[in-house]
Amino acid sequence: MTPRAALDAAAPALLEANNVPSVAVGWIENGQVAWTAVYGERAPGERADDTTLYNIASLTKPIVAETILRLIASGRLDLDTPLATQFVDRDLTDDPRAQKITLRHALSHRTGVPQNWRRQMDDGKLQLAWEPGTKAHYSGENYAMAARFAMMATQTRLDHLAQQELFGPFGMTDTFFTPDDSWDGRVAMVRGEDGSLRLPDNSPQGSAADDVHTTIGDYTRFVAAAMRGDGLTPELIEARGTIYDDQTEMVCPPGLIPPDKCAKANGYGLGWNIFDSGSNRFFIHSGKDWGERTIAVFEPEKRFGIVIFTSGANGRQVIADVLRLLVDDVPLYTLVQAEADFEKRQR
């Protein structure tokens with residue numbers, strides 16, 4: 001049975017079992033989009049299809065990273081120029097460590113910011129907890145800083161930079177940082193942990209870390225082009241795939257995942273998490289918001305990739321089951337299953 005046929009047979013039951021309204025899957029073979037498929041409902045009584053727009057949550061970050069990497073490849077930006085040459089965040093003006101933060105630090109989550117958002121910090125102010133470049137911690141603030149630097153250095157809005165570097169060259173005609181009139185009747189409604197159904201959030205001013213809306217076809221084309229390295233230099237491709245702070249022990253602590261099913265190496269590259277299972281080396285990123293669960297995975301050496309969007313808070317389990325069905329790498333889907341189990345325990 002082909003992967004597409006296996007998914008056709010399994011998807012309706014996976015959605016019903018997990019109370020998830022819809023799932024969209026993109027499949028990449030030999031460096032090209034082989035197929036996309038969408039299952040379930042966009043809204044009650046309305047079928048989801050290839051034109052359905054999903055809020056992809058933190059899968060926004062790879063779009064921003066890949067945009068910036070192409071600006072670097074063309075010589076408009078430099079990976080190691082301090083962001084302070086353009087700006088210092090208002091909350092960090094008295095911290096000399098802020099003068100050292102670079103795009104390389106920001107895109108690999110090593111600025112020194114210890115929380116996802118400044119609103120989670122004391123008095124709602126951005127803080128650094130360690131020297132930039134010495135330790136990684138996932139934070140949307142890292143990408144807000146990177147995007148602000150890119151916009152100030154080029155005097156161009158982020159969505160326009162993405163249009164120039166990615167959306168136009170890659171044929172992404174249905175990807176949006178901000179709401180658009182074309183969204184009407186196309187956005188996938190999301191189901192939260194409480195079972196209620198509503199439209200997903202959006203960012204009226206645009207965000208570098210969240211809330212991009214796109215179709216499964218557009219994002220799968222993006223992942224295929226990113227995997228091929230279109231528009232990048234060999235040096236940037238190598239830098240993107242470098243693990244800057246190995247976090248294998250943190251993502252695979254004793255008792256959570258059996259040692260033989262753990263990654264051999266795992267940590268942040270530039271825009272992507274690098275997951276090395278010993279036999280496969282994946283680039284991976286996921287997204288999670290109120291009722292959205294998303295993931296994108298690609299394996300450059302095998303020219304393979306998969307993108308999965310779901311529109312429900314139980315979507316992580318759907319993602320784990322789809323990966324188990326279609327991808328031949330036990331540590332990868334075991335990791336995603338562990339994440340799904342962790343989410344369930346938090347409810």
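## Quick look at the side chain of D245
Thought 1: Inspection of the secondary structure puts D245 in the loop between α7 (234–240) and α8 (248–251).
Thought 2: Salt bridges are absent for the buried D245, whose nearest opposite-charge side chain, R110, sits at 7.0 Å.
Thought 3: Here the side chain of D245 touches A136 through a polar contact of 2.8 Å, landing on its backbone nitrogen.
Thought 4: If we skip the residues at most four places from it in the chain, D245 touches R110, K135, A136, N266, G267 and Y268.

## Digging into the sheet that holds strand β10 (residues 273–276)
Thought 1: Pairing within the open sheet is antiparallel, and its eight strands lie in the order β3-β2-β1-β13-β12-β11-β10-β9. Sheet topology places β3 (46–47) and β9 (265–268) at the edges, where each strand pairs with a single neighbour.
Thought 2: Where β9 meets β10, four bridges bridge the pair, whose relative direction is antiparallel. Looking across to β10, one finds that N266 is bridged to F275.
Thought 3: Packing against the sheet, helix α1 (residues 3–18) makes contact with β1 (22–29) and β2 (32–43), and its axis sits at approximately 20° to β2.

## Brief notes about the side chain of K61
Thought 1: Its location among the elements puts K61 in helix α2 (residues 60–73).
Thought 2: Within the structure, K61 has its side chain in polar contact with the side chain of S58 (distance 2.9 Å).
Thought 3: Here K61 is in contact with H109, Y138, S139, G140, Y143, A208, A209 and H285, once residues within four sequence places are set aside.

## Notes on the packing of aromatic side chains
The geometry of an aromatic ring pair is captured by two quantities: the separation of the ring centres and the angle between the planes.
Thought 1: Counted under the stated rule, the structure contains eleven aromatic pairs.
Thought 2: Where W272 meets F298, the ring centres are 4.9 Å apart and the plane angle is 85°; that geometry is what we call edge-to-face. Here W272, found in the loop between β9 and β10, pairs with F298, found in strand β12 (residues 293–299); they are 26 residues apart in sequence, far enough to count as distant.
Thought 3: Given a relative accessible area of 1%, W272 falls into the buried group.
Thought 4: One aromatic cluster is present, formed by Y54, Y219, F222, W272, F283, F298 and F309 through successive ring pairs.
Thought 5: One cation-aromatic arrangement involves K135 over W130; the distance from NZ or CZ to the ring centre is 4.4 Å.
Thought 6: Here R198 stacks its cationic end above the ring of W290, 3.9 Å away from the centre of that ring.

Reading the values: rules and limits
- Residues numbered from 1 in each chain as written.
- Predicted model: local features only at pLDDT ≥ 70, side-chain atom pairs only at ≥ 80, totals over all residues.
- Heavy atoms only, no water.
- Helix = DSSP H or I, 4+ residues; strand = E, 2+ residues; numbered from the N terminus.
- Buried < 20%, exposed > 50% of the residue type's maximum accessible area, 1.4 Å probe, protein only.
- Lys, Arg positive; Asp, Glu negative; His and termini not counted.
- Salt bridge = Lys/Arg side-chain N within 4 Å of Asp/Glu carboxyl O.
- Polar contact = N/O pair within 3.5 Å; in protein donor to acceptor, adjacent residues only side chain to side chain.
- Contact = heavy atoms within 4.5 Å.
- Pairing = 2+ DSSP bridges.
- Axes fitted to C-alpha atoms, helices over the stretch in contact; angles between N-to-C directions.
- Phe/Tyr/Trp six-rings, centres within 6.5 Å; stacked < 30°, edge-to-face > 60°.
- Lys NZ or Arg CZ within 6 Å of the ring centre and 35° of its normal.

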